[in-house]
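Residue-level listing of the chains:
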Amino acid sequence: MSPAAPLTLPADFTDKVRILSDTECWPWLGEVSSWGYGVTDKGRMAHVWAYALHYGEGHIKPGYHLFQKCGNRLCMNPKHMRLRKKW
Ligand SMILES: [Zn+2]
């Protein structure tokens, strides 16, 4: 377990993500959609799943969009993610 990981993450997440330090991007190693985002086996956006694992499923409110402020669509580091209101 990486010392940077604040929580105990499920094996199905840690198997698919290279967890590095808080400041680095955590590359997604699983399937990638045609629009360049990681997707889980269940067809969910991988970064949304990563965020929910760290902050809770209810954290992304309706009308908000989760994006990676580092600009890396395959980054799974929750500290690199921000919520932005949809318009
Ligand atoms: Zn990143």
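The rules we used
- Residues numbered from 1 in each chain as written.
- Predicted model: local features only at pLDDT ≥ 70, side-chain atom pairs only at ≥ 80, totals over all residues.
- Helix = DSSP H or I, 4+ residues; strand = E, 2+ residues; numbered from the N terminus.
- Buried ≥ 20, exposed ≤ 12 C-beta atoms within 10 Å, placed from the backbone.
- Contact = placed C-beta atoms within 7 Å.
- Core = buried A, V, L, I, M, F, W, Y, C linked by C-beta atoms within 7 Å.

(A) Quick peek at the environment of leucine 9. Locating leucine 9 in the fold gives a position in the segment before α1 (11–14). Under the C-beta neighbour-count criterion, leucine 9 is labelled partly exposed, with 17 such atoms within 10 Å. Sequence separation of leucine 9 and histidine 54 is 45 residues, and the distance between their C-alpha atoms is 8.4 Å. Discounting residues that sit within four places of it in the chain, leucine 9 has contacts with Thr14 and Leu53.

(B) Layout of the nonpolar core. If you look at the biggest cluster of nonpolar residues, it comprises ten residues: Val17, Trp26, Trp28, Ala46, Trp49, Ala50, Tyr51, Cys75, Met76 and Met81. It is helix α2 (residues 46–55) that contributes the most residues to this core, four residues altogether. In this structure methionine 81 touches His47, Tyr51, Leu66, Phe67, Gln68 and Lys69, once residues within four positions along its chain are discounted.

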